[in-house]
Amino acid sequence: MENRLLVIGLVWPEPDSSAAGWRILQLIEIFREQGFEIHFASAASKSEHSYPLEKLGIQKQAILLNDDSFDAYVRDLKPDYVMFDRFMVEEQYSWRVRENCPQAIHILDTEDLHFLRQARQDAFKKGKELDELSLYTDLAKREIASIYRSDLSIIISAYEMTLLIQQFHIPESLLVYLPLLNRDYILGNELPSFEERKDFMFIGNFIHEPNWRTVLELKRIWPSIRKRLPQAELHIYGAYPSQKVWELNKPSSGFIIKGRAESALETMKNYRVLLAPIPFGAGQKGKFMDALAAQTPIVTSAIGAEGMLIDGNWPGFICEEDDEFVERSIELYSQEDTWRSAQDRGQHLSELWKAKQEKKQLLNVLLPIKDNLEIHRARNFVGQILWSNQFAASKYMSLWIEAKNGKKK
């Protein structure tokens, strides 16, 4: 019998707009390669950049928030597995899946740990170092609860795996580490050489707050680089730029807002250096996977490189102070030997990632859970507590909203 997977998306995937878009497609592809029948549902509106899932044979379904029409949909579908795209989606729909399809395996795709990113963001805005107590927030309670309610959560970063297991004491049986997978590119021609490339660049979806803050950091740092490299420019790419982003455009100083890039790789391969002084964030960075493929060296922060390093290899420099960031950026841009050495380290890192990424690991963990679901759930006693009625806050809030909306009709 063919296994059936239902993916409930926070948004419809846009792989050319964000790493989250191609991450969810990579996860879907793992199931698709094993012959799963796949359905994708979302309450979000589609855009012109939404991926045509039907080309992959995936059946699409528009659903509603806080509406019992979803109950009938999932009951008729009878999925074997349900993957929730981020914990907010799990909060909204998991209880409905549990009530209507009690044997369906619940998979949480965390993307990255939102509570970690938010704690770092709050610390950055306050000008403080992140301390341990700053992690124990209401958002952390929600996300950790979602992990406990799920049969398996997919974690994208080794750092986040360690954090969940050692600091939050999440049982390893509830987690699986699956980093970003290398994208398959068709390069066509050889990549441009040092001499054929010019200028600096940054890329990132502007809806994502860490990307916006990184652009502000670049705006602050750039004059020091430009002063020493007056012919160089910094080009800023990203989907969904708002008016405040376009207002930063200043061609006279070489700081140029470009907007959406139709192809990250085709764009990136023509630049000499990727600058990314990321001040806060979590998970892995899709832009760095693209840079590895384009063999474009990178200057970033420790948080930027988190979850991306293997055996200390990095295709460029990791800098925490402004002066060092400026010096290393200029060195990487100006000195071909330094640039080629960084590129070589990037190629080695890319090979290490390819060797590390075992796509079948996800199914190797999932299938035993399905065969022993009752025991798996019994051992997750905290999850049992959270599934009991007195802790089902998201369920009753949803029912209250549903009832309230019903009265308005």
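Residues numbered from 1 in each chain as written. Predicted model: local features only at pLDDT ≥ 70, side-chain atom pairs only at ≥ 80, totals over all residues. Heavy atoms only, no water.

Draft legend 1. Representation of the sheet that holds strand S7 (residues 175-177) within the structure. Taking strand neighbours across the sheet as the criterion, the seven strands line up as S3-S2-S1-S4-S5-S6-S7 in an open arrangement whose pairing is parallel. Looking at which strands have only one partner, the edges of the open sheet turn out to be strand S3 (59-62) and S7. Taken over all neighbouring pairs, the strand axes of this sheet differ in orientation by 20 degrees on average, direction set aside. In this sheet, strand S6 (residues 152-155) lies alongside strand S5 (residues 105-109) in parallel orientation, the contact comprising three bridges. Following the sheet pairing, Leu 108 is matched in S6 by Ser 153. Strands strand S1 (4-9), strand S2 (37-42), strand S4 (81-85), S5 and S6 of the sheet are contacted by helix H1 (residues 19-33), whose axis makes an angle of about 155 degrees with S2. (Pairing = 2+ DSSP bridges. Helix = DSSP H or I, 4+ residues; strand = E, 2+ residues; numbered from the N terminus. Axes fitted to C-alpha atoms, helices over the stretch in contact; angles between N-to-C directions. Contact = heavy atoms within 4.5 Å.)

Draft legend 2. Looking closely at empty space enclosed by the protein. Overall, the coordinates contain one cavity of 30 Å³ or more when judged by the stated rule. Computed from the structure, the largest cavity encloses a volume of approximately 40 Å³. Sorting the residues of the lining of the largest cavity by element identifies helix H10 (286-294) and helix H13 (336-356) as the ones contributing at least two each. Of all the elements, H13 adds the most residues to the lining of the largest cavity, at three residues. Tallied by class, residues from the lining of the largest cavity come to four nonpolar, five polar and no charged. (1 Å grid on protein atoms, 1.4 Å probe; cavity = no way out; pocket = protein on both sides within 12 Å on 5 of 7 lines; lining within 4 Å. Points joined across faces, edges and corners; volume = space filled by probe spheres on them. Nonpolar A, V, L, I, M, F, W, Y, C, P; charged D, E, K, R; others polar.)

Draft legend 3. Spotlight on the packing of aromatic side chains. Under the defined criterion, the tally for this structure stands at 13 aromatic pairs. Here Trp 12 and Phe 40 contribute two aromatic rings whose centre-to-centre distance is 5.3 Å and whose plane-to-plane angle is 40 degrees, an arrangement assigned as tilted. Taken together, the residues Trp 12 in the loop between S1 and H1 and Phe 40 in strand S2 connect sequence positions 28 residues apart. The same class applies to Trp 12 and to Phe 40, which are both buried. Geometrically, the ring pair formed by Phe 115 and Phe 168 is edge-to-face, given 5.3 Å between the ring centres and 70 degrees between the ring planes. (Phe/Tyr/Trp six-rings, centres within 6.5 Å; stacked < 30°, edge-to-face > 60°. Buried < 20%, exposed > 50% of the residue type's maximum accessible area, 1.4 Å probe, protein only.)

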